[in-house]
Amino acid sequence: MVAVQPGQSFHDVEEVYTSEHPRLAISGWFHIPQEGEPGYSPPDTETESKALSSLEQLTSIKEDKMWSFRPLPTTEDYDFTEDDLAFLSKWINEVYLTPDVVEQMHEAMTEESILELPDFLTPAIAKSLHSHLSKQDSSPTDEDWQVAGPPHKQRFRYNHALQPHNIIDLFTHPAFRKWIYHATGLEITSERHLARHFRKGRDYTLATEHTSLAPQLEATLNLTPSSLRPKPPKAVGISAKAVFSAKETGWTTGEFGGYEVYLAPSAEEDADPAVYKAAEEGDDGVLLSSDACWNKFSLVLRDKGVLKFVKYVSRAAWGGRWDITSEWAIKEDEDGDDENGAEEKDPEKPNVEEEETALEEEEEWMGIPS
Amino acid sequence: MKGLSGIKTDMSINSYEKGGHLLTHDDVIGTRCVSFILYLVKGDVEGGWKDSWGGGLRLYKAVEGVPENEPCLTIPPQWNQMSMFGIRPLPFLYVNGR
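No experiment lies behind these values; they were computed from the predicted model shown.

I'd like to hear about the overall build of chain B, residue by residue, with values.
Broken down by element type, chain B carries one helix and eight strands. Moving toward the C terminus, one meets the helices and strands of chain B in the order β-β-β-β-β-β-β-β-α. When the 98 residues of chain B are sorted by exposure, 47% land in the buried category. Taken as a whole, chain B presents about 4,700 Å² of accessible surface, with 54% of it coming from carbon and sulfur.

Could you give me a rundown of the packing of aromatic side chains, with the residues and numbers involved?
Using the criterion set out here, one finds 18 aromatic pairs over all chains in the structure. Ring centres 4.1 Å apart and planes at 20° place the aromatic pair Tyr78 of chain A and Tyr181 of chain A in the stacked group. Of this pair, Tyr78 of chain A sits in the loop between β4 (70–71) and α2 (82–91) while Tyr181 of chain A sits in helix α6 (residues 174–184), placing them 103 residues apart in sequence. When the centroid spacing of 5.7 Å and the interplanar angle of 80° are considered together, the rings of Trp145 of chain A and Trp322 of chain A count as edge-to-face. Residue Trp145 of chain A is found in the loop between α4 (123–138) and β6 (146–148), and its partner Trp322 of chain A is found in strand β15 (residues 321–330); the two are separated by 177 residues along the sequence. Per residue, the accessibility class of Trp145 of chain A equals that of Trp322 of chain A, and both read buried. Over the face of the ring belonging to Trp67 of chain A we find Arg192 of chain A, whose NZ or CZ atom lies 4.2 Å from the ring centre. Stacked on the ring of Trp29 of chain A, the Lys or Arg Arg32 of chain B has its end atom at 3.4 Å from the ring centre.

Give a detailed account of the confidence of the model for chain B, specifying residues and quantitative values.
All names here are of chain B. With 86% of its residues at a pLDDT of 70 or more, chain B shows a mean pLDDT of 85. Within chain B, strand β1 (residues 9–16) carries the highest mean pLDDT (96), whereas helix α1 (residues 92–97) carries the lowest (35). A low-confidence stretch, residues 91–98 (pLDDT under 50), is modelled with 22 contacts involving residues beyond four sequence positions or located in other chains. Here the predicted complex carries an ipTM of 0.91, next to a pTM of 0.84.

A description of the confidence of the model for chain A should follow, citing residues and the corresponding values.
All names here are of chain A. Per-chain confidence: chain A averages 82 in pLDDT, with 78% of residues scoring 70 or above. By mean pLDDT, the top-scoring element of chain A is α6 (98), and the lowest-scoring one is helix α9 (residues 341–344) (38). Counted against residues more than four places away or in other chains, residues 276–281, with its pLDDT under 50, gives six contacts. This model gives residues 336–370 a pLDDT under 50, and the stretch forms 83 contacts once residues within four places in sequence are excluded.

Criteria and cut-off values
- Residues numbered from 1 in each chain as written.
- Chains lettered and ligands numbered in written order.
- Predicted model: local features only at pLDDT ≥ 70, side-chain atom pairs only at ≥ 80, totals over all residues.
- Heavy atoms only, no water.
- Helix = DSSP H or I, 4+ residues; strand = E, 2+ residues; numbered from the N terminus.
- Buried < 20%, exposed > 50% of the residue type's maximum accessible area, 1.4 Å probe, protein only.
- Areas by Shrake-Rupley, 256 points an atom, 1.4 Å probe, with all protein chains shown as cover.
- Phe/Tyr/Trp six-rings, centres within 6.5 Å; stacked < 30°, edge-to-face > 60°.
- Lys NZ or Arg CZ within 6 Å of the ring centre and 35° of its normal.
- pLDDT = per-residue confidence, 0-100.
- Contact = heavy atoms within 4.5 Å.

Right, here's the structure in full:
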(Lines give C-alpha, C1' and ligand atoms only; values in the text may rest on other atoms or scores of the structure.)
Protein backbone atom coordinates (compact mmCIF):
# COMPACT_ATOMS: atom_id res chain seq x y z
CA MET A 1 0.00 0.00 0.00
CA VAL A 2 1.38 3.34 -1.07
CA ALA A 3 -0.21 6.52 0.20
CA VAL A 4 0.84 9.67 -1.56
CA GLN A 5 -0.33 13.19 -0.92
CA PRO A 6 1.60 15.88 -2.77
CA GLY A 7 -0.87 18.55 -1.68
CA GLN A 8 -2.75 18.86 -4.93
CA SER A 9 -4.18 15.99 -6.84
CA PHE A 10 -3.17 16.69 -10.44
CA HIS A 11 -2.03 13.48 -12.07
CA ASP A 12 -1.91 11.62 -15.33
CA VAL A 13 -1.26 8.13 -16.61
CA GLU A 14 1.88 7.80 -18.68
CA GLU A 15 1.43 6.24 -22.11
CA VAL A 16 1.76 2.46 -22.21
CA TYR A 17 4.70 1.61 -24.48
CA THR A 18 4.44 -2.16 -24.66
CA SER A 19 2.05 -4.14 -26.79
CA GLU A 20 2.80 -7.31 -24.80
CA HIS A 21 1.16 -6.44 -21.53
CA PRO A 22 -1.95 -4.33 -20.98
CA ARG A 23 -2.07 -2.06 -17.94
CA LEU A 24 -5.06 -3.56 -16.22
CA ALA A 25 -6.39 -1.82 -13.12
CA ILE A 26 -9.47 -1.20 -11.04
CA SER A 27 -9.81 2.45 -10.22
CA GLY A 28 -12.40 4.60 -8.59
CA TRP A 29 -13.24 7.05 -5.88
CA PHE A 30 -14.38 7.16 -2.29
CA HIS A 31 -16.76 10.03 -1.63
CA ILE A 32 -17.39 12.42 1.24
CA PRO A 33 -20.49 11.80 3.35
CA GLN A 34 -23.69 12.06 1.37
CA GLU A 35 -26.98 13.58 2.45
CA GLY A 36 -28.35 11.65 5.41
CA GLU A 37 -24.97 10.32 6.48
CA PRO A 38 -23.07 11.56 9.55
CA GLY A 39 -20.63 14.34 8.59
CA TYR A 40 -22.73 15.57 5.66
CA SER A 41 -22.74 19.29 5.01
CA PRO A 42 -24.68 20.93 2.21
CA PRO A 43 -22.78 22.29 -0.78
CA ASP A 44 -21.74 25.92 -1.03
CA THR A 45 -21.72 26.34 -4.77
CA GLU A 46 -21.06 30.07 -4.63
CA THR A 47 -17.66 29.74 -2.98
CA GLU A 48 -16.85 26.92 -5.32
CA SER A 49 -17.63 28.82 -8.49
CA LYS A 50 -15.75 31.90 -7.25
CA ALA A 51 -12.64 29.83 -6.69
CA LEU A 52 -12.98 28.21 -10.10
CA SER A 53 -13.34 31.51 -11.89
CA SER A 54 -10.25 32.97 -10.19
CA LEU A 55 -8.36 29.92 -11.39
CA GLU A 56 -9.65 30.57 -14.90
CA GLN A 57 -8.38 34.14 -14.69
CA LEU A 58 -4.91 33.00 -13.68
CA THR A 59 -4.81 30.62 -16.61
CA SER A 60 -6.02 33.15 -19.13
CA ILE A 61 -3.40 35.71 -18.04
CA LYS A 62 -0.73 33.11 -18.81
CA GLU A 63 -2.37 32.44 -22.15
CA ASP A 64 -2.23 36.16 -23.00
CA LYS A 65 1.47 36.29 -22.17
CA MET A 66 2.06 33.50 -24.64
CA TRP A 67 0.16 35.13 -27.49
CA SER A 68 -2.00 38.21 -27.28
CA PHE A 69 -4.08 39.73 -30.05
CA ARG A 70 -2.47 42.58 -31.95
CA PRO A 71 -4.99 45.09 -33.32
CA LEU A 72 -4.61 45.93 -37.01
CA PRO A 73 -4.96 49.42 -38.48
CA THR A 74 -8.28 50.03 -40.19
CA THR A 75 -8.23 49.74 -43.94
CA GLU A 76 -10.61 49.62 -46.85
CA ASP A 77 -7.97 49.03 -49.48
CA TYR A 78 -7.93 45.37 -50.47
CA ASP A 79 -6.60 45.77 -54.02
CA PHE A 80 -3.37 43.90 -54.67
CA THR A 81 -0.43 46.01 -55.84
CA GLU A 82 2.35 44.47 -57.90
CA ASP A 83 4.54 44.57 -54.81
CA ASP A 84 1.90 42.66 -52.86
CA LEU A 85 1.77 39.90 -55.44
CA ALA A 86 5.53 39.79 -55.76
CA PHE A 87 5.79 39.39 -51.98
CA LEU A 88 3.10 36.73 -51.76
CA SER A 89 4.49 34.71 -54.66
CA LYS A 90 7.80 34.40 -52.83
CA TRP A 91 5.98 32.45 -50.13
CA ILE A 92 2.70 31.02 -51.36
CA ASN A 93 2.23 28.42 -54.08
CA GLU A 94 1.27 30.44 -57.17
CA VAL A 95 -1.87 28.31 -57.65
CA TYR A 96 -3.41 30.02 -54.63
CA LEU A 97 -2.75 33.45 -56.10
CA THR A 98 -4.53 32.95 -59.42
CA PRO A 99 -7.87 34.80 -59.60
CA ASP A 100 -9.90 31.70 -60.56
CA VAL A 101 -8.66 29.66 -57.66
CA VAL A 102 -9.05 32.55 -55.23
CA GLU A 103 -12.64 32.85 -56.34
CA GLN A 104 -13.22 29.12 -55.81
CA MET A 105 -11.70 29.40 -52.35
CA HIS A 106 -14.03 32.26 -51.54
CA GLU A 107 -17.05 30.22 -52.62
CA ALA A 108 -15.94 27.15 -50.68
CA MET A 109 -15.28 29.24 -47.59
CA THR A 110 -18.70 30.88 -47.82
CA GLU A 111 -20.42 27.52 -48.11
CA GLU A 112 -18.36 25.30 -45.84
CA SER A 113 -16.51 27.71 -43.51
CA ILE A 114 -13.51 25.44 -44.04
CA LEU A 115 -10.67 25.62 -46.57
CA GLU A 116 -7.83 23.12 -46.84
CA LEU A 117 -4.95 24.11 -49.09
CA PRO A 118 -2.28 21.43 -49.67
CA ASP A 119 1.22 22.33 -50.92
CA PHE A 120 0.68 25.81 -49.56
CA LEU A 121 4.22 27.20 -49.41
CA THR A 122 6.31 27.38 -52.58
CA PRO A 123 8.41 24.27 -53.29
CA ALA A 124 11.63 26.22 -52.63
CA ILE A 125 10.55 27.46 -49.19
CA ALA A 126 8.96 24.12 -48.32
CA LYS A 127 12.12 22.24 -49.23
CA SER A 128 14.47 24.28 -47.12
CA LEU A 129 11.98 24.37 -44.24
CA HIS A 130 11.65 20.59 -44.42
CA SER A 131 15.36 20.03 -44.19
CA HIS A 132 15.62 22.43 -41.24
CA LEU A 133 12.66 21.00 -39.34
CA SER A 134 13.72 17.40 -39.97
CA LYS A 135 17.00 18.15 -38.21
CA GLN A 136 15.18 19.87 -35.35
CA ASP A 137 12.82 16.93 -35.17
CA SER A 138 15.53 14.33 -34.68
CA SER A 139 17.54 16.40 -32.20
CA PRO A 140 15.42 19.18 -30.73
CA THR A 141 17.24 21.99 -28.96
CA ASP A 142 15.60 24.03 -26.23
CA GLU A 143 17.03 27.21 -27.69
CA ASP A 144 14.41 29.82 -28.59
CA TRP A 145 11.53 27.63 -27.40
CA GLN A 146 9.31 27.94 -24.36
CA VAL A 147 6.92 25.37 -22.96
CA ALA A 148 3.20 26.16 -22.86
CA GLY A 149 1.04 24.86 -20.02
CA PRO A 150 -0.57 24.23 -17.67
CA PRO A 151 -0.81 20.52 -18.45
CA HIS A 152 -4.48 20.17 -17.52
CA LYS A 153 -5.10 22.45 -20.52
CA GLN A 154 -2.19 21.97 -22.86
CA ARG A 155 1.51 21.26 -23.22
CA PHE A 156 3.71 22.04 -26.22
CA ARG A 157 6.78 24.08 -27.17
CA TYR A 158 6.25 27.43 -28.83
CA ASN A 159 7.98 30.48 -30.19
CA HIS A 160 7.17 33.44 -32.38
CA ALA A 161 9.63 32.94 -35.19
CA LEU A 162 10.02 29.63 -36.92
CA GLN A 163 13.50 29.74 -38.49
CA PRO A 164 15.07 29.81 -41.05
CA HIS A 165 12.04 31.19 -42.88
CA ASN A 166 9.89 33.09 -40.51
CA ILE A 167 6.48 32.36 -41.91
CA ILE A 168 4.92 34.57 -39.28
CA ASP A 169 6.41 37.46 -41.31
CA LEU A 170 4.20 36.29 -44.17
CA PHE A 171 1.10 36.06 -42.02
CA THR A 172 1.53 39.53 -40.52
CA HIS A 173 2.22 41.26 -43.84
CA PRO A 174 -0.46 43.67 -45.19
CA ALA A 175 -0.47 41.74 -48.50
CA PHE A 176 -1.50 38.58 -46.65
CA ARG A 177 -4.38 40.46 -45.04
CA LYS A 178 -5.60 41.34 -48.54
CA TRP A 179 -5.21 37.70 -49.62
CA ILE A 180 -7.28 36.58 -46.63
CA TYR A 181 -9.96 39.04 -47.65
CA HIS A 182 -10.11 37.72 -51.22
CA ALA A 183 -9.89 34.05 -50.22
CA THR A 184 -12.50 34.20 -47.47
CA GLY A 185 -14.48 37.42 -47.92
CA LEU A 186 -13.59 38.28 -44.32
CA GLU A 187 -12.00 41.47 -43.04
CA ILE A 188 -9.64 40.80 -40.15
CA THR A 189 -9.24 43.35 -37.37
CA SER A 190 -6.69 41.77 -35.02
CA GLU A 191 -4.40 38.78 -35.07
CA ARG A 192 -2.11 36.45 -33.16
CA HIS A 193 0.24 33.72 -34.35
CA LEU A 194 2.27 30.98 -32.72
CA ALA A 195 4.78 28.42 -34.00
CA ARG A 196 4.22 25.17 -32.10
CA HIS A 197 6.07 21.92 -31.64
CA PHE A 198 4.16 19.03 -30.07
CA ARG A 199 6.86 16.68 -28.81
CA LYS A 200 6.24 12.97 -29.19
CA GLY A 201 5.39 11.20 -25.97
CA ARG A 202 4.51 14.49 -24.29
CA ASP A 203 2.39 17.15 -25.89
CA TYR A 204 -1.28 17.90 -26.62
CA THR A 205 -4.06 20.40 -26.11
CA LEU A 206 -7.35 19.58 -24.46
CA ALA A 207 -10.56 20.64 -26.11
CA THR A 208 -11.29 24.29 -25.54
CA GLU A 209 -14.35 26.17 -26.61
CA HIS A 210 -14.60 29.34 -28.63
CA THR A 211 -16.54 31.37 -26.08
CA SER A 212 -17.07 34.68 -27.82
CA LEU A 213 -20.29 35.30 -29.71
CA ALA A 214 -18.48 36.57 -32.79
CA PRO A 215 -17.07 33.87 -35.06
CA GLN A 216 -13.28 33.78 -35.26
CA LEU A 217 -11.11 33.01 -38.26
CA GLU A 218 -8.39 30.47 -37.51
CA ALA A 219 -5.66 28.80 -39.51
CA THR A 220 -3.14 26.05 -39.08
CA LEU A 221 -0.16 25.63 -41.34
CA ASN A 222 0.86 22.05 -40.75
CA LEU A 223 4.60 21.46 -41.02
CA THR A 224 5.18 17.99 -39.63
CA PRO A 225 8.37 16.85 -41.40
CA SER A 226 8.15 13.13 -40.59
CA SER A 227 4.71 12.88 -42.24
CA LEU A 228 6.53 12.79 -45.58
CA ARG A 229 8.35 9.61 -44.64
CA PRO A 230 6.77 6.63 -46.38
CA LYS A 231 5.95 3.71 -44.16
CA PRO A 232 8.76 1.17 -44.35
CA PRO A 233 7.62 -1.87 -46.31
CA LYS A 234 7.56 -4.99 -44.17
CA ALA A 235 4.74 -7.14 -45.49
CA VAL A 236 5.97 -10.17 -47.35
CA GLY A 237 4.46 -10.70 -50.77
CA ILE A 238 3.48 -7.09 -51.30
CA SER A 239 5.83 -5.08 -53.44
CA ALA A 240 7.48 -2.10 -51.82
CA LYS A 241 5.87 0.06 -54.47
CA ALA A 242 2.37 -0.93 -53.47
CA VAL A 243 3.05 -0.21 -49.85
CA PHE A 244 4.59 3.18 -50.62
CA SER A 245 1.73 4.26 -52.82
CA ALA A 246 -0.77 3.55 -50.10
CA LYS A 247 0.78 6.47 -48.18
CA GLU A 248 -0.69 5.18 -45.00
CA THR A 249 1.40 5.98 -41.94
CA GLY A 250 0.84 6.20 -38.21
CA TRP A 251 0.05 9.89 -38.80
CA THR A 252 -2.89 9.03 -41.06
CA THR A 253 -4.19 6.01 -39.12
CA GLY A 254 -4.33 7.88 -35.83
CA GLU A 255 -1.74 5.59 -34.22
CA PHE A 256 0.69 8.51 -33.72
CA GLY A 257 -1.97 10.99 -32.57
CA GLY A 258 -1.12 14.62 -33.30
CA TYR A 259 -4.23 15.29 -35.34
CA GLU A 260 -6.29 18.42 -34.83
CA VAL A 261 -10.04 18.17 -34.37
CA TYR A 262 -12.89 20.66 -34.43
CA LEU A 263 -16.01 19.47 -32.61
CA ALA A 264 -19.57 20.75 -32.69
CA PRO A 265 -20.81 22.17 -29.38
CA SER A 266 -22.08 19.55 -26.98
CA ALA A 267 -25.86 19.38 -26.90
CA GLU A 268 -25.95 18.42 -23.22
CA GLU A 269 -24.32 21.39 -21.56
CA ASP A 270 -25.76 20.60 -18.17
CA ALA A 271 -24.78 16.97 -18.25
CA ASP A 272 -23.25 15.65 -15.03
CA PRO A 273 -19.49 15.81 -15.62
CA ALA A 274 -18.95 12.78 -13.40
CA VAL A 275 -20.88 10.59 -15.78
CA TYR A 276 -18.96 9.15 -18.68
CA LYS A 277 -20.66 9.81 -21.95
CA ALA A 278 -20.60 7.03 -24.46
CA ALA A 279 -19.87 8.33 -27.94
CA GLU A 280 -22.72 7.52 -30.21
CA GLU A 281 -21.84 5.81 -33.43
CA GLY A 282 -21.97 8.16 -36.40
CA ASP A 283 -22.71 11.16 -34.23
CA ASP A 284 -19.37 12.11 -32.80
CA GLY A 285 -19.77 15.81 -33.63
CA VAL A 286 -16.49 16.01 -35.56
CA LEU A 287 -16.58 19.01 -37.91
CA LEU A 288 -13.01 18.67 -39.12
CA SER A 289 -10.18 16.31 -38.32
CA SER A 290 -6.78 17.02 -39.88
CA ASP A 291 -3.86 14.64 -39.62
CA ALA A 292 -0.43 16.01 -38.90
CA CYS A 293 0.95 16.48 -42.40
CA TRP A 294 3.34 18.54 -44.46
CA ASN A 295 2.71 22.01 -45.91
CA LYS A 296 -1.06 22.12 -45.66
CA PHE A 297 -2.84 25.34 -44.73
CA SER A 298 -6.30 24.99 -43.19
CA LEU A 299 -8.62 27.95 -42.66
CA VAL A 300 -11.64 27.61 -40.41
CA LEU A 301 -14.34 30.10 -39.47
CA ARG A 302 -15.13 29.03 -35.95
CA ASP A 303 -18.49 29.69 -34.35
CA LYS A 304 -19.26 30.12 -30.68
CA GLY A 305 -19.18 26.84 -28.79
CA VAL A 306 -17.06 24.95 -31.31
CA LEU A 307 -14.39 22.92 -29.54
CA LYS A 308 -10.86 22.27 -30.75
CA PHE A 309 -7.99 20.08 -29.60
CA VAL A 310 -4.72 18.55 -30.76
CA LYS A 311 -4.43 14.87 -29.87
CA TYR A 312 -1.53 13.75 -27.67
CA VAL A 313 1.44 12.71 -29.84
CA SER A 314 2.41 9.12 -29.09
CA ARG A 315 6.00 8.22 -28.23
CA ALA A 316 5.74 5.75 -31.13
CA ALA A 317 5.47 8.67 -33.62
CA TRP A 318 8.34 9.25 -36.04
CA GLY A 319 8.69 12.79 -34.78
CA GLY A 320 6.75 15.69 -33.35
CA ARG A 321 3.84 17.59 -34.78
CA TRP A 322 4.97 21.04 -35.98
CA ASP A 323 2.66 23.82 -37.03
CA ILE A 324 1.93 27.51 -37.09
CA THR A 325 -1.41 28.43 -35.65
CA SER A 326 -3.18 31.74 -36.24
CA GLU A 327 -6.31 33.43 -34.97
CA TRP A 328 -8.00 36.55 -36.29
CA ALA A 329 -10.91 38.59 -35.02
CA ILE A 330 -13.12 39.54 -37.93
CA LYS A 331 -15.16 42.61 -38.71
CA GLU A 332 -18.84 42.06 -38.12
CA ASP A 333 -21.32 42.14 -41.00
CA GLU A 334 -22.16 45.56 -42.40
CA ASP A 335 -25.80 44.96 -41.52
CA GLY A 336 -24.90 44.04 -37.97
CA ASP A 337 -26.34 46.14 -35.17
CA ASP A 338 -23.14 47.69 -33.96
CA GLU A 339 -21.10 48.23 -37.06
CA ASN A 340 -19.03 50.94 -35.41
CA GLY A 341 -18.42 49.02 -32.25
CA ALA A 342 -17.00 46.02 -34.03
CA GLU A 343 -13.50 47.34 -34.44
CA GLU A 344 -13.16 48.92 -31.06
CA LYS A 345 -14.25 45.89 -29.18
CA ASP A 346 -11.43 43.90 -27.66
CA PRO A 347 -11.40 40.48 -29.20
CA GLU A 348 -12.52 38.16 -26.48
CA LYS A 349 -10.20 35.45 -25.41
CA PRO A 350 -11.21 32.35 -27.27
CA ASN A 351 -9.40 29.88 -25.08
CA VAL A 352 -11.07 30.51 -21.78
CA GLU A 353 -12.98 27.37 -21.20
CA GLU A 354 -15.51 26.20 -18.71
CA GLU A 355 -13.90 24.02 -16.10
CA GLU A 356 -16.62 21.46 -16.49
CA THR A 357 -16.21 21.33 -20.24
CA ALA A 358 -12.51 20.66 -19.82
CA LEU A 359 -13.12 17.84 -17.41
CA GLU A 360 -15.85 16.38 -19.50
CA GLU A 361 -13.67 16.37 -22.56
CA GLU A 362 -10.81 14.82 -20.66
CA GLU A 363 -12.96 12.01 -19.49
CA GLU A 364 -14.18 11.43 -22.97
CA TRP A 365 -10.91 11.62 -24.85
CA MET A 366 -8.10 10.71 -22.60
CA GLY A 367 -6.77 7.26 -22.78
CA ILE A 368 -8.45 6.50 -26.05
CA PRO A 369 -5.65 5.98 -28.51
CA SER A 370 -7.55 6.45 -31.74
CA MET B 1 -13.30 16.98 7.25
CA LYS B 2 -13.68 13.51 8.62
CA GLY B 3 -15.18 10.37 7.28
CA LEU B 4 -16.09 8.83 4.00
CA SER B 5 -19.46 7.99 2.61
CA GLY B 6 -20.61 4.48 3.36
CA ILE B 7 -23.21 4.51 0.64
CA LYS B 8 -21.40 6.02 -2.34
CA THR B 9 -18.23 4.58 -3.86
CA ASP B 10 -17.57 4.10 -7.52
CA MET B 11 -15.10 2.11 -9.51
CA SER B 12 -14.43 0.73 -12.94
CA ILE B 13 -12.01 -1.71 -14.43
CA ASN B 14 -9.90 -0.48 -17.29
CA SER B 15 -7.24 -1.84 -19.57
CA TYR B 16 -4.71 0.44 -21.25
CA GLU B 17 -3.24 -1.12 -24.37
CA LYS B 18 -0.15 0.18 -26.19
CA GLY B 19 -0.58 3.92 -26.78
CA GLY B 20 -3.22 4.23 -24.04
CA HIS B 21 -2.77 7.16 -21.68
CA LEU B 22 -4.69 9.60 -19.51
CA LEU B 23 -3.96 13.33 -19.67
CA THR B 24 -3.45 15.56 -16.64
CA HIS B 25 -6.47 16.23 -14.47
CA ASP B 26 -7.29 16.57 -10.78
CA ASP B 27 -10.32 14.27 -10.26
CA VAL B 28 -12.15 17.16 -8.59
CA ILE B 29 -15.69 16.31 -9.59
CA GLY B 30 -18.76 16.17 -7.42
CA THR B 31 -18.14 14.66 -4.00
CA ARG B 32 -15.04 12.61 -4.83
CA CYS B 33 -12.65 12.55 -1.92
CA VAL B 34 -10.06 9.78 -2.34
CA SER B 35 -8.87 8.23 -5.60
CA PHE B 36 -7.69 4.64 -5.66
CA ILE B 37 -6.05 2.40 -8.23
CA LEU B 38 -5.59 -1.33 -7.75
CA TYR B 39 -3.18 -2.70 -10.34
CA LEU B 40 -3.86 -6.07 -11.92
CA VAL B 41 -0.89 -5.97 -14.28
CA LYS B 42 1.16 -9.00 -15.19
CA GLY B 43 2.65 -10.40 -12.03
CA ASP B 44 4.16 -13.61 -13.34
CA VAL B 45 6.80 -12.05 -15.59
CA GLU B 46 10.26 -11.99 -14.13
CA GLY B 47 10.75 -8.81 -12.14
CA GLY B 48 7.13 -7.82 -12.69
CA TRP B 49 6.05 -4.77 -14.65
CA LYS B 50 9.01 -2.89 -16.12
CA ASP B 51 9.26 0.89 -15.87
CA SER B 52 10.13 1.00 -19.58
CA TRP B 53 6.65 -0.31 -20.39
CA GLY B 54 5.23 3.03 -19.22
CA GLY B 55 1.77 3.32 -17.73
CA GLY B 56 3.03 5.02 -14.56
CA LEU B 57 0.87 7.16 -12.35
CA ARG B 58 2.48 10.61 -12.50
CA LEU B 59 1.83 13.32 -9.94
CA TYR B 60 2.12 17.05 -10.55
CA LYS B 61 2.95 19.76 -8.03
CA ALA B 62 0.59 22.71 -8.22
CA VAL B 63 1.46 26.33 -7.56
CA GLU B 64 -1.55 28.50 -6.67
CA GLY B 65 -3.79 25.75 -7.92
CA VAL B 66 -2.07 25.47 -11.32
CA PRO B 67 -0.07 22.31 -12.04
CA GLU B 68 3.57 22.56 -13.16
CA ASN B 69 4.44 21.49 -16.70
CA GLU B 70 6.31 18.32 -15.71
CA PRO B 71 5.42 15.65 -13.14
CA CYS B 72 7.29 15.52 -9.83
CA LEU B 73 6.82 11.81 -9.19
CA THR B 74 6.14 8.68 -11.25
CA ILE B 75 4.79 5.52 -9.66
CA PRO B 76 5.01 2.54 -12.02
CA PRO B 77 2.26 -0.08 -11.75
CA GLN B 78 2.91 -3.38 -9.93
CA TRP B 79 0.75 -6.43 -9.52
CA ASN B 80 -1.58 -6.17 -6.53
CA GLN B 81 -0.42 -2.65 -5.66
CA MET B 82 -2.97 -0.20 -4.37
CA SER B 83 -2.27 3.50 -4.90
CA MET B 84 -4.45 6.07 -3.18
CA PHE B 85 -4.38 9.81 -3.04
CA GLY B 86 -6.57 12.47 -1.53
CA ILE B 87 -8.35 14.72 -3.97
CA ARG B 88 -7.36 18.37 -3.52
CA PRO B 89 -8.92 20.80 -3.45
CA LEU B 90 -11.90 19.12 -1.90
CA PRO B 91 -15.15 20.64 -2.99
CA PHE B 92 -14.79 23.95 -1.14
CA LEU B 93 -17.97 23.84 0.77
CA TYR B 94 -17.19 20.66 2.58
CA VAL B 95 -13.90 22.08 3.80
CA ASN B 96 -15.70 25.16 5.11
CA GLY B 97 -18.33 23.02 6.78
CA ARG B 98 -15.94 21.45 9.28
